[in-house]
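Secondary and tertiary structure notes
Below, each chain spelled out in residue letters.
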Amino acid sequence: MSGREDHLVELVDDDGRAHGEASVAAAHQPPGRLHRAFSVLLVDPDGRVLLQRRAAAKTRFPLRWANSCCGHPAPGESLVEAANRRLGEELGAGPVDLTEVGVYVYYAEDPTTGRVEFEYDHVLRADVPADVPLRPDPDEVAELRWVDPATLETDLDVDPRAYAPWLGGVVNRLLRTSGPAAGSPGPSTAPAGLPADDASERPGGR
């Protein structure tokens, strides 16, 4: 996992326009540098979402429950390509059709590791069968579970420290959209400067 700390991420402005690059490690050092990220939610036919508990070796928010998969596209890399690459690396999942359901900016400090998240986060949804084959990498993922997203919203208020701080905003984007239509295009054609739709979440994330 330490090798990925040297990978490059795309630095962006408040409107999501790229203006440079930095290593993963540098972007997450205090006070943080705003960069492009993605959060994937796998959704089964009953509407449940797959959560992963982040492995203990993670450098940011280890052992907290988060969405199905997270990551950063390399500079110039499409969201679809990057997200499917990380789904394979973290969960052993095959490529899936992805639809962007929202974007938001958040900032969060990890009190345990001292790292920060300052991200322009593209929320991506994939509808998958109930028996989707998964082979999680134990260096990435401690546990998996399927949950009802409305129930999860309540749990986030009851026990927020059990969850990654970005998860509330991710689930909010999923629940506040009408959902993808069959055969709808993924986010690969979405403009890089798509405006964030609730940048006010920046002060604390969730």
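Attention in this report is confined to the structure presented alongside it. For every chain, the first residue of the written sequence is number 1, and numbering continues from 1 along that sequence. Local features in this predicted model are restricted to residues whose pLDDT is 70 or higher, and side-chain atom pairs enter the listing and the counts only when it is 80 or higher, whereas totals over whole chains, interfaces and linings include all residues. Derived side-chain values reflect all non-hydrogen atoms in the structure, with water molecules and hydrogen atoms excluded from consideration.

**Quick notes on helix H4 (residues 167–175)**
Each α-helix winds once per 3.6 residues, and so residues spaced three or four apart point in a common direction. Each residue is assigned to one of three classes by its accessible area relative to the maximum for its type, calculated with a 1.4 Å probe on protein chains only: buried under 20%, partly exposed between the two thresholds, exposed over 50%. Helix numbering and strand numbering both begin at the N terminus, where a helix is a DSSP run of H or I of at least 4 residues and a strand a DSSP run of E of at least 2. With 7 of 9 residues buried, H4 lies mostly within the body of the structure. In this analysis, two residues are considered to be in contact whenever any of their non-hydrogen atoms come within 4.5 Å of each other. Those residues of H4 that are buried are in contact with strand E3 (35–43), strand E4 (49–54), strand E5 (65–66), strand E7 (99–109), strand E8 (116–127) and helix H3 (149–158).

**Points about helix H2 (residues 79–91)**
The end-to-end C-alpha separation of H2 is 17 Å, in line with the 18 Å expected for 13 residues at 1.5 Å each. The secondary structure elements touched by the buried residues of H2 are E3, E4, strand E6 (69–71), E7, E8 and strand E9 (141–147). Following H2 by one or two positions, Gly92 adopts a phi angle in the positive range, close to 65°. Multiplying one less than the number of residues by 1.5 Å gives the expected span of a helix.

**Description of the pattern of salt bridges**
Opposite charge on two side chains permits them to pair, given that their charged atoms come into close proximity. Note on definitions: salt bridges are taken to be side-chain nitrogens of Lys or Arg within 4 Å of carboxyl oxygens of Asp or Glu. A complete count under the given rule lists 16 salt bridges for this structure. A salt bridge links Glu143 to Arg53, with the shortest nitrogen-to-oxygen separation between them at 3.2 Å. Highlighted residues: Glu143 in strand E9 and Arg53 in strand E4, separated in sequence by 90 residues. In this structure, Arg86 and Glu89 form a salt bridge, with 2.3 Å as the shortest nitrogen-oxygen distance. Taken as a pair, Arg86 and Glu89 lie in helix H2 at a separation of 3 residues, close to a single helical turn. Among the residues examined, Arg86 registers a relative accessible area of 5% and is labelled buried.

**Things to note about the environment of Ala142**
Within the secondary structure, Ala142 is located in strand E9. The class for Ala142 is partly exposed, based on a relative accessible area of 41%. Measuring from C-alpha to C-alpha, the distance between Ala142 and Arg53 comes to 5.3 Å, with 89 residues separating the pair along the chain. If we skip the residues at most four places from it in the chain, Ala142 touches Arg53, Arg54, Ala55 and Leu63.

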